[in-house]
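The chain contents come next:
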Amino acid sequence: MTVLSLLVAMTLVEPKRSTKGAVGEESQKDYIRQAWNFLRAHPGVRIVVFYGIVTGACINYVWEFWQLYCSEIGVPVLLFGLVSAAASLLTSFGSLLAHRLKGRLNYHSLLTLCLWAFSHGLIVMGWLRTPIGLLFMMVAYIVAGLTEPLVAGYLHHRAESQFRATAESLQSLLLSAVTAGVGLLFGQISTRYTLGSGFVLLGALALVCLFTGNLAGSRRILSERTAEAV
């Protein structure tokens, strides 16, 4: 089969490039510019996306290093599968919980509560050197699962359909950039001190971002009911 696949692949010919490529490229640039202008013109979307990016960047390193954290606090390797399953289930539970909460709280209250619980969960998780820290790690997983559909729903209902996908791609690009920057800080602190110190740093960053959003006027901007946006 491998030889046959190789022979078939050798018969494939690359299609000719369309002469309209320049037009498509220009159109793509227009979509990116429109998406960027959309974010600039809608402060509510900016704040919600900002919260989502911060949460996503921080929880990424919890997923990456939870096993080392469990080893440091004395959790037996035999229980790692159970911890992983609990983390996945609670993240999914948080996503389902978003549907129930979206009509009861406005976006400011809901995201403020999420980021507050998320930041404190990471801080206490990193501060404690006992298996009790796993409980606070699970809190972070629940909140991360809750935040993702809220942010995606808000962006989906606020962005116009013609460049909605481009706006979501721009959010993904910003998430990757912020994740890389946070990773540099997390790596420096964790290497120089302890892994727990790195998680404390992540929680502190999330808390600073929460205060920054409040200073930017998230209470006033996100005063509409969540049900109208999600």
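Residues numbered from 1 in each chain as written. Predicted model: local features only at pLDDT ≥ 70, side-chain atom pairs only at ≥ 80, totals over all residues. Heavy atoms only, no water.

### Re the confidence of the model for the protein chain
Right, so step 1: A residue-level look at the protein chain finds 75% of positions with pLDDT of 70 or above and a mean pLDDT of 81.
Right, so step 2: Within the model, pLDDT remains below 50 along residues 224-230, and this stretch shows 26 contacts once partners closer than five positions in the same chain are excluded. (pLDDT = per-residue confidence, 0-100. Contact = heavy atoms within 4.5 Å.)

### So, the packing of helix α3 (residues 43-72) against helix α4 (residues 80-101)
A pair of packed helices is captured by two measures, namely the crossing angle of their axes and the spacing between those axes.
Right, so step 1: For the pair α3 and α4, interaxial distance at closest approach is 11 Å and the crossing angle is 140°. Considering the angle they form, α3 stands oblique to α4. Once α3 is placed against α4, the crossing between them reads as right-handed. Between α3 and α4, the residues in contact are Trp 63, Trp 66, Gln 67, Cys 70 and Ser 71 and Phe 80, Val 83, Ser 84, Ala 87, Ser 88 and Thr 91, respectively.
Right, so step 2: Split by residue class, the contact of α3 with α4 holds 6 nonpolar, 5 polar and no charged. (Axes fitted to C-alpha atoms, helices over the stretch in contact; angles between N-to-C directions. Helix = DSSP H or I, 4+ residues; strand = E, 2+ residues; numbered from the N terminus. Parallel < 35°, antiparallel > 145°, perpendicular 65-115°, else oblique. Left-handed = near helix turned anticlockwise from the far one by under 90°. Nonpolar A, V, L, I, M, F, W, Y, C, P; charged D, E, K, R; others polar.)

### Points about the nonpolar core
Right, so step 1: In terms of nonpolar packing, the biggest core is built from 52 residues, with Phe 118 and Met 137 touching the most fellow members.
Right, so step 2: Elements supplying a minimum of two residues to this core: α3, α4, α5 (107-127), α6 (133-158), α7 (164-192) and α8 (195-215).
Right, so step 3: No other element matches α3, which puts 15 residues into this core.
Right, so step 4: With sequence-adjacent residues up to four places away left out, Met 137 is seen in contact with Val 62, Trp 66, Tyr 69, Val 83 and Met 125. (Core = buried A, V, L, I, M, F, W, Y, C linked by side-chain atoms within 4.5 Å. Buried < 20%, exposed > 50% of the residue type's maximum accessible area, 1.4 Å probe, protein only.)

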